Amino acid sequence: MSSPASHGRELAATFVPADIESRLYQKWLDAGYFTADASSSKEPFTIVLPPPNVTGVLHIGHALDQTLQDCLSRMKRMKGFEVLWLPGMDHAGIATQNVVEKQLASQGKSRHDLGREDFVAKVWEWKAESGGAILDQMKRMGSGVDWTRERFTMDEGMSNAVVSIFKKMYEAGLIYRAERIINWCPRCLTALSDIEVEHQDDAGEFVQIRYGEGEQSIVIATTRAETMLGDGAVAVHPDDPRYQHLIGTEVLLPLVNRMIPIIADELVEMDFGTGAVKVTAAHDPNDFEMAVRHNVPFVVIMNEHGVMDGTGTEFDGMDRFDARVAVVAKLKEMGRIVAEKRPYVHAVGHCSRCDTTVEPRLSKQWFVKVAPLAKASADAVRNGTVKIEPAALEPRYFEWVDNMHDWCISRQLWWGHRIPVWYGPQGEVQVVGPGESAPVGWVQDPDVLDTWFSSGQWAFSTMGWPEKTSDLAKFYPTSVLVTGYDILFFWVVRMMMMSIFAMDGVPPFKTIMLHGLVRDQFGKKMSKSRGNVIDPIEFMDKYGADALRFTLARGANPGTDQALAEDWIGGSRNFATKLWNATRFAMMNGAHVEGDLPAFDSLNDIDRWILSRLNETIAEADALLESYEFSRACELIYHFAWDDLCDWYLELSKETFASENKAASQRVLGHVLDQLLRLLHPAMPFITEELWCTLTGGSSLVDSNWPLAQPLLIDKNSKKVVSALQEVVTEVRRFRNDQGLKPSQKIPGRFSGNKDVIAHKSALHFLLKLEEKDFVPSATLEIAGTIIEVDLTGSIDVEAERARLEKDLATALKDQKTAEVKLGNEGFMAKAPADVVVEIRERLVKTTSEIERITAALAALK
RNA sequence: GGGUGGUUAGCUCAGUGGUAGAGCGCCUCGUUUACACCGAGGAUGUCGGGGGUUCGAAACCCUCACCGCCCACCA
């Protein structure tokens, strides 16, 4: 008979994660776990990972992404799939440039001091460092990176893809250049997309200004008085009775002394302010729209730094905010301020990077015409081609996709893919595709593309698009995208649009699996300023990668945020230690996996029971993992391992393992552990790998098969027996406890009644510290049809026992009453399902006999 | 303003019609040879308020209150 010693391995007495982690990672790497081969005949499973937010700080959110994707990967691999990861390792993130700009700022410099070339070189330098740190975190967690694709960066294959798709979209009329009002950051000197603008409530002012003189005058209301210098018109609602006589006439614009028309436009709300609004075409998006409709001229009054410029007034050269004060002061002097409200709290856009107040600015930018792409993206989800998990988050997706504005993709930055457009001396425009070159003397557009333009191509350009590669043929569309819901708009929608366009209408994923955000222990958002940011590396050092991973997976309910605290991770570490000790104990008792399992019917109740529980757990956990219910799956496996296996099976079997009749149980225990470790491997890869290899002598869980539930190994009767045993054990323990007996104190005791229970009396004697010898009982308990007589050296604590019985009686009476009420309810009897009625009847019978028993016991107490 | 999620034990959260659950924390006992990162036992909830549907509601509907998140061009 084989034993652990036969393959020469033993487990150390204490579990130290650091002792196994780096070794096992290297082992998986050598075994090819982290690579996928398009030529393999296995069924493909592709997982797309979000790009780490490359801000130089490793975030716990990345750890969550990595945990869940690696959970899926490992499970699918064990199920025989060919798994390919598309980890978002690198893209032209604005954040990257931002970090370097901050570094420069601390030296009192800006990127303009360095020049484009040196600046980009500096970003690359920094990127090499931070990228290394992220890879390091992924390795520490044991989550996989396909090393052949990891270095897929913006200066290589991706540039080719970006240029190709730009050209393709341009030719399809989906990319155009236009003068538009865009959000402009006067500090970063760049255009911002809608999602880079954060709206905050700011305390501003709301002033009413009278334009014109006498009869020919109108009062407008504004929060941005300084922009009146660029007004091209005043607008009122076409139906507003107050202003009918003025529509089509002109008023005098104060300070600049220019006559401007009064126009009528339905965009104006009669109820707001004075019902009359100034139209500053070049500095407000609404006004821009109206100006286009009514042919109002665009007057630019500020330069790129937000400084007044070109108004021909005394305000030129003033900062926009200073100018606001000065303009109001001057108008007041002139008696033109009709009303002022200060502070006036209203939403103002801020740059998401530097918090500077955004300045809407007329500017020539490149845009993606979004409507057809957004519609196709919406349809893909509506018609079920792409599934969003959990479905509850679909409305958020639709809300975005259905209301999308055209997407400004040019950025006045230096880090990123340069826009592949060249301008000729006469202003000619040419898009220069891969392998092409512009005529001599032409100049390339200085701007770079929005980061999401390139990262939106992740699902196909990482696989070699526009070439028709074998990777694309096999792994596209990808199986699942695992990411947080916070990135749904930024990244997911872009990937949908870009992929559908590039891949001839085929959406990039079959499933979009959205998880929540990791928050601190009080459910608060983590932020550097709040100081509640969790560093995954720190906790891996302290508790091990498995503990961190299990905590994250256990907390991951679909689409909802999870709170995380050090205590939680400590709890997972405890679980890992428990597994270690249980396996060590099992091996000390000869658990093994050699040969077939003994015939199920030949096994004892305890063995049949644990096999039943195992197979139930396998079936449920598998279904849960397949539906991305990581939290519930982990919870289930955790309780099987700790409660069923450790607390009950091992305890109930100790007597067996100490006896001669243990061979079958040794094989059963080996099997249960073997299967449990496989089941747990996705969530806790390191410890399960170490334990499993030591227990079974197998080479690696990575190459082993996923457990398959065997319904034939589920036996109701054994569950009934063990449940009776559990009841007896728990109740006697409670009795002992109430009687003030120390756990180790042995007392005489014996069983009669329930034969199923008596059959396990030696295990019960062991667990309950009962001695089998002749005695005169001083107390008698009846539990689950079993009579337990014990001797407390002639005397028991009557008061304690009375209290205990009375408590039990109260519970039983309450249960009895609820059952009686239900059964006495005609409506219940008539309409409740038969099985429920039976259940309540049984409950009534049970509680009634309980009450009789307890009442008798109480009467017998002296 | 639009959308959306939440309110269950001290804390963080599961629980989509049939006697309220988990982890951590708390109290008592315990060095019984796998495990004190442990074991045994225990306490704690009119499931946010009010209506309704139902034989039966934490769950379904309505309403109110209070949190939260996302989006947004109210000058």
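Residues numbered from 1 in each chain as written. Chains lettered and ligands numbered in written order. Predicted model: local features only at pLDDT ≥ 70, side-chain atom pairs only at ≥ 80, totals over all residues. Heavy atoms only, no water.

*Asks:* Account for the pairing of strand E24 (residues 747-753), with residues named and values stated.
*Replies:* Relative to strand E25 (residues 770-771), E24 runs parallel, the two sharing two bridges. What sits directly across from Ile747, in E25, is Leu770. Bridge analysis of E24 against strand E27 (residues 786-790) gives five bridges, and the strand direction is antiparallel. Its bridge partner being in E27, Gly749 is matched across the sheet by Val790. (Pairing = 2+ DSSP bridges. Helix = DSSP H or I, 4+ residues; strand = E, 2+ residues; numbered from the N terminus.)

*Asks:* Got a sec to walk through the nonpolar core? Specific residues and values, please.
*Replies:* Counting 125 residues, the largest nonpolar core has Ile60, Leu548, Phe630, Tyr649, Leu669 and Met684 as its most contacted members. Here this core takes 14 residues from helix H20 (residues 630-658), the largest share from any one element. Non-local contacts of Ile60, meaning those with residues more than four positions away in its chain, are made with Val518, Met526, Ile534, Pro536, Leu548, Leu552 and Leu564. The next biggest cluster of nonpolar side chains, apart from the first, holds 62 residues, and it includes Leu86, Ile175, Val370 and Leu514. (Core = buried A, V, L, I, M, F, W, Y, C linked by side-chain atoms within 4.5 Å. Buried < 20%, exposed > 50% of the residue type's maximum accessible area, 1.4 Å probe, protein only. Contact = heavy atoms within 4.5 Å.)

*Asks:* A description of the sheet that holds strand E16 (residues 421-423) should follow, citing residues and the corresponding values.
*Replies:* One open sheet holds the three strands; their spatial order is E17-E16-E18, and the pairing between them is antiparallel. If you trace the sheet from one side to the other, it starts and ends with strand E17 (429-431) and strand E18 (443-444), each paired once. Across three bridges, the pairing between E16 and E17 is antiparallel. Residue pairing in the sheet places Tyr423 in a bridge with Val429 of E17.

*Asks:* Mind laying out the packing of helix H19 (residues 605-626) against helix H23 (residues 716-738), listing which residues take part and the relevant values?
*Replies:* Their axes nearest at 8 Å, the elements H19 and H23 cross at an angle of 110°. The orientation of H19 relative to H23 falls into the category roughly perpendicular. Here Asp605, Ile606, Arg608, Trp609, Ser612 and Glu616 of H19 come into contact with H23, specifically with Asn717, Ser718, Lys719, Val721, Val722, Leu725 and Gln726. A breakdown of the residues in the contact of H19 with H23 according to their chemical character gives five nonpolar, four polar and four charged. (Axes fitted to C-alpha atoms, helices over the stretch in contact; angles between N-to-C directions. Parallel < 35°, antiparallel > 145°, perpendicular 65-115°, else oblique. Nonpolar A, V, L, I, M, F, W, Y, C, P; charged D, E, K, R; others polar.)

*Asks:* An account of the packing of aromatic side chains is needed here, citing residue identities and associated values.
*Replies:* Scanning the entire structure with this criterion turns up 24 aromatic pairs. Here Phe288 and Phe298 contribute two aromatic rings whose centre-to-centre distance is 5.3 Å and whose plane-to-plane angle is 20°, an arrangement assigned as stacked. Residue Phe288 is located in helix H8 (residues 285-294), and its partner Phe298 is located in the loop between H8 and helix H9 (320-333); the two are separated by ten residues in the primary sequence. The class of Phe288 is buried, set by a relative accessible area of 12%. A cation over an aromatic ring shows up here: Arg382 above the ring of Phe398, its NZ or CZ 4.0 Å from the ring centre. (Phe/Tyr/Trp six-rings, centres within 6.5 Å; stacked < 30°, edge-to-face > 60°. Lys NZ or Arg CZ within 6 Å of the ring centre and 35° of its normal.)

*Asks:* How would you explain the protein's contact with RNA strand B if you had to name every residue and give the values?
*Replies:* Close to RNA strand B lie 60 residues; Asn286, Arg573, Thr577, Lys807 and Lys831 are nearest. Counted by atom, the contact set of RNA strand B within 4 Å of the protein is 60% sugar and phosphate. Residue Asn286 places a side-chain N or O atom 2.2 Å away from a base oxygen belonging to RNA strand B. In this structure, Trp642 approaches RNA strand B through a side-chain N or O atom, which is 2.6 Å from a phosphate oxygen. Ranked by the residues each element gives to the surface near RNA strand B, the list is headed by helix H18 (residues 566-588), at ten residues. (Near = heavy atom within 4 Å. Polar contact = N/O pair within 3.5 Å; in protein donor to acceptor, adjacent residues only side chain to side chain.)

*Asks:* Can you explain the environment of Thr311? Please cite residues and give values.
*Replies:* The residue Thr311 is located in the loop between H8 and H9 in this model. A relative accessible area of 13% means that Thr311 is categorised as buried. Along the backbone, Thr311 and Gly424 are 113 residues apart, and their C-alpha atoms lie at a distance of 32 Å. The residues contacting Thr311, other than those within four sequence positions of it, are Leu229, Val256, Ile301 and Asp316. A polar side-chain atom of Thr311 sits 2.6 Å from a polar atom in the side chain of Asp316.

*Asks:* Would you mind going over the pairing of strand E21 (residues 509-515) in detail, with residue names and values included?
*Replies:* Most of E21 sits out of view: six of its seven residues are buried. The pairing of strand E13 (residues 387-389) with E21 spans three bridges and is classified as parallel. Along E21, the bridge assignment pairs Glu389 with Met513. For the crossover from strand E20 (residues 478-484) across helix H15 (residues 488-502) to E21, the handedness is right-handed. (Right-handed = clockwise from strand over helix to strand, strands pointing away.)

*Asks:* Go over unusual backbone geometry, please, and point to the residues and values.
*Replies:* Excluding glycine, residues mostly carry a negative phi; peptide bonds, for their part, are mostly trans. Here the amide bond leading from Glu389 into Pro390 is cis, since omega sits at -5°, within 30 degrees of zero. The omega torsion across Trp465 and Pro466 is 10°, close enough to zero to call that bond cis. With respect to the helices and strands, the residue Pro466 is situated in the loop between helix H13 (458-461) and helix H14 (470-475). A positive phi angle is found at Asn257, which is not glycine, with a value near 50°. The residue Asn257 is located in the loop between strand E8 (250-253) and strand E9 (258-264) in this model. Using a relative accessible area of 56% as the deciding quantity, one classes Asn257 as exposed. Backbone geometry at Lys769 places phi at a positive 55°, although glycine is not the residue there. Mapped onto the secondary structure, Lys769 falls in the loop between helix H25 (761-768) and E25. We classify Lys769 as partly exposed; its relative accessible area is 25%.

*Asks:* With reference to specific residues and values, describe H8.
*Replies:* Restricting attention to buried positions, one finds in H8 the residues Asp287, Phe288, Met290 and Ala291. Against strand E3 (175-185), strand E7 (233-236), strand E10 (276-279) and strand E12 (359-368) lie the buried residues of H8. One side-chain oxygen of the residue at the start of H8 lies 2.8 Å from the amide nitrogen of Asn286, identifying that residue as Asp284. Downstream of H8 by one or two residues, Asn295 has phi in the positive range, about 60°.

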